[in-house]
Amino acid sequence: MSVESPYCPMVPAAIAFLVSADAKDAAELAAPLEASGFRVRVSKDFTQLREAIREHTPDIMLVHSKKAFGAELALYTSLKAILENKFVPLVVIAETCSEEEEAMALSAGVDEVLIRPYHPLVLSARLHSLLRIKALHDELVDANARLQQISRVDPGTGLYNRRHFFERLEEEFERVKRHRDYLAVMMMDVDHFKEVNDTHGHLFGDFVLRRLAAVLQNTSRRIDIVARYGGEEFAFILPATTIWAGASLAERIRRTVADTVFEDGEAKMKITVSLGVAEVQQGLATSVDNLVMYADKALLKAKSLGRNRLAVYGVYDRKAPIFEDDPTASTAP
Ligand code: GH3
Ligand code: MG
Ligand code: MG
């Protein structure tokens, strides 16, 4: 039995978990729910209910309470807590209930208290009203997740954007300050990218950047954060990475990019990249901006030394001479 209206639509797949200690009561309570479109799964106590929730999240939960609420209040609160940020309406079906008990149940996290006997139409309408609120809540959670994703991602390449890069770098920087771990940052710039656009057009340029992003993602490790810093510049956060490990990753990326043929069916070309690496302890960076600036300085060095190479800030490397402003200069080999 149910009322159908724009405000009270049938929800064919709505799943209701019902807790009732007594099989006869459970059957009586389940019948009108099933008649108004719910698929009902019965548990005989809270332990069984929790097991059922672990297997599957219901759309609504109903608890049949035969006595004064008392001890059950804490169970209601803990039930809502295990569902974390999901909103699953919790309805108590009471045989008797004082106004005080009703208020306490609602304060404990219960969303609706229904006192028997009730008309099946009222039961159906109340439950559908809760499902309406749930649908709005779920839409909001989805929309927030989508917005959060959009706000982090560069649409041209699918990589993280500059804003997310700095957010994550701040987090990593705080972490290494506490644990005295290593943290490297790598900046990368495509060499003579203007020529790519000038020779094959901007659309091919865009294609190259997209493909390049995929190459960078595949070449770096899962824990690394790869971001588009802007234009044809990319930035990497390399957690738990010494300057030497960072340099070796930079060299792997340099070689992989140089070996890749960028081909979209019409045009075809190769590109090279220059990279600069800096590491917190090595460069004695005191802030995130500092660290990025050091990696940038190293990148400029790589550019000025002829491109298609890497440079590291603060230490010797095969292709990167030590910088004048390097605080470790006197101890380097
Ligand atoms: P260098 O080796 O010194 O880095 O030379 P370059 O040509 O790469 O550097 P420059 O800064 O002169 O030019 C960068 C070019 O990158 C110019 C700009 O139009 C192009 N560019 C930046 N973002 C995009 C993009 O999203 N799509 C395309 N197609 N081109 C872009
Ligand atoms: Mg550039
Ligand atoms: Mg460039």
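From a predicted model like this one, the values you see are computed outputs, not experimental measurements.

Thoughts on the overall build of the protein
Then, number 1: Each helix and strand in the protein was counted, giving eleven helices and twelve strands.
Then, number 2: With respect to the three principal axes, the spread of C-alpha positions in the protein is 85 × 50 × 25 Å.
Then, number 3: For the protein, the proportion of its 333 residues judged to be buried stands at 35%.
Then, number 4: Taking all contacts inside the protein whose residues are at least 6 apart in sequence as the whole, residues at least 24 apart take part in 64%.

A word on the domain arrangement of the protein
Then, number 1: When the domains of the protein are assigned, the result is domain 1 (15-148) and domain 2 (162-329).
Then, number 2: Taken over C-alpha atoms, the centre of domain 1 sits 53 Å from the centre of domain 2.

Concerning the sheet that holds strand β6 (residues 183-190)
Then, number 1: Spatial strand order, β7-β8-β6-β11-β12: five strands in an open sheet with mixed pairing. Only two strands of the sheet have a single neighbouring strand rather than two, namely β7 (225-230) and β12 (310-312). Across this sheet, the average inter-strand angle for adjacent strands is 20 degrees, counted without regard to direction.
Then, number 2: Both β6 and strand β8 (residues 233-239) contribute to a ladder of seven bridges, which runs antiparallel. Residue pairing in the sheet places M186 in a bridge with F236 of β8.
Then, number 3: The strands touched by helix α6 (residues 162-179) within the sheet are β6, β7 and β8, with β7 carrying the most contacts at an inclination of about 130 degrees.
Then, number 4: Relative to the sheet, helix α9 (residues 243-259) contacts β6, β8, β11 (273-279) and β12, its axis offset from that of β11 by approximately 170 degrees.

Some words on helix α1 (residues 23-35)
Then, number 1: Compared with the 18 Å implied by 1.5 Å per residue over 13 residues, the 18 Å span of α1 between its first and last C-alpha is a close match.
Then, number 2: Positive phi appears at G37, one or two residues downstream of α1, with a value of about 100 degrees.

A closer look at the sheet that holds strand β1 (residues 15-19)
Then, number 1: In space, the five strands of this open sheet follow the order β2-β1-β3-β4-β5, with parallel pairing throughout. The sheet terminates laterally at β2 (39-43) and β5 (112-115), the two strands that pair on one side only. Shown here is a sheet whose adjacent strand axes are inclined to one another by a mean of 20 degrees, direction ignored.
Then, number 2: As paired strands, strand β3 (residues 60-65) and strand β4 (residues 90-94) are joined by five bridges and run parallel to one another. Across the sheet, residue S65 finds its bridge partner in β4, namely A94.

Considerations on the confidence of the model for the protein
Then, number 1: Of the residues in the protein, 90% reach a pLDDT of 70 or more, and the chain-wide mean stands at 89.
Then, number 2: The low-confidence segment residues 316-333, where pLDDT is below 50, has 27 contacts with residues more than four positions distant or belonging to other chains.

Overview of the environment of N161
Then, number 1: Within the element layout of this structure, N161 appears in the loop between α5 (120-152) and α6.
Then, number 2: Beyond its immediate sequence surroundings of up to four residues, N161 is in contact with R152, V153, D154, A227 and R228.

Examining the pairing of β2
Then, number 1: With five bridges connecting them, β1 and β2 associate as parallel partners. Looking at β2, one finds that A16 is bridged to V40.
Then, number 2: With respect to chirality, the unit in which β1 leads through α1 into the neighbouring parallel β2 is right-handed.

Re the packing of helix α8 (residues 202-219) against α9
Then, number 1: Close contact between α8 and α9 brings their axes to 10 Å; oriented N to C, the two are set at 140 degrees. One way to sum up the angle between α8 and α9 is to call them oblique. You can see that α8 and α9 cross each other, and the crossing is right-handed. On the side of α8, the interface is formed by L212, V215, L216 and T219, while α9 contributes R252, I253, T256 and V257.
Then, number 2: Residues belonging to the contact of α8 with α9 are distributed by class as follows: five nonpolar, two polar and one charged.

Points about the site of ligand 1
Then, number 1: In the vicinity of ligand 1 there are 16 residues, among which F193, K194, H202, G205 and G231 approach most closely.
Then, number 2: Among the elements of the structure, β6, α7 (193-200) and α8 are those that each provide at least two residues to the shell around ligand 1.
Then, number 3: When residues in the shell around ligand 1 are grouped by element, the largest group, four residues, is from α8.
Then, number 4: Looking at the shell around ligand 1 residue by residue, the class counts come to three nonpolar, six polar and seven charged.

Side note on the pairing of β7
Then, number 1: When you tally the buried positions in β7, you get five out of six residues, the bulk of the element.
Then, number 2: Bridge count for β7 against β8 is five bridges, and the pairing is antiparallel. In the strand pairing of β8, A227 is matched with A235.
Then, number 3: Hairpin connection from β7 to β8: two residues lie between these consecutive antiparallel strands, with G231 at a positive phi of about 45 degrees.

Brief notes about unusual backbone geometry
Then, number 1: Cis geometry marks the peptide bond from R116 to P117, where omega comes out at -5 degrees.
Then, number 2: The phi dihedral of E84 falls on the positive side, at around 50 degrees, and the residue is not glycine.
Then, number 3: Among the structural elements, E84 can be located in the loop between α3 (72-82) and β4.

Conventions used here
- Residues numbered from 1 in each chain as written.
- Chains lettered and ligands numbered in written order.
- Predicted model: local features only at pLDDT ≥ 70, side-chain atom pairs only at ≥ 80, totals over all residues.
- Helix = DSSP H or I, 4+ residues; strand = E, 2+ residues; numbered from the N terminus.
- Buried ≥ 20, exposed ≤ 12 C-beta atoms within 10 Å, placed from the backbone.
- Contact = placed C-beta atoms within 7 Å.
- Domains from an automatic or database assignment.
- Pairing = 2+ DSSP bridges.
- Axes fitted to C-alpha atoms, helices over the stretch in contact; angles between N-to-C directions.
- Expected span 1.5 Å × (residues − 1).
- pLDDT = per-residue confidence, 0-100.
- Right-handed = clockwise from strand over helix to strand, strands pointing away.
- Parallel < 35°, antiparallel > 145°, perpendicular 65-115°, else oblique.
- Left-handed = near helix turned anticlockwise from the far one by under 90°.
- Nonpolar A, V, L, I, M, F, W, Y, C, P; charged D, E, K, R; others polar.
- Near = placed C-beta within 6 Å.

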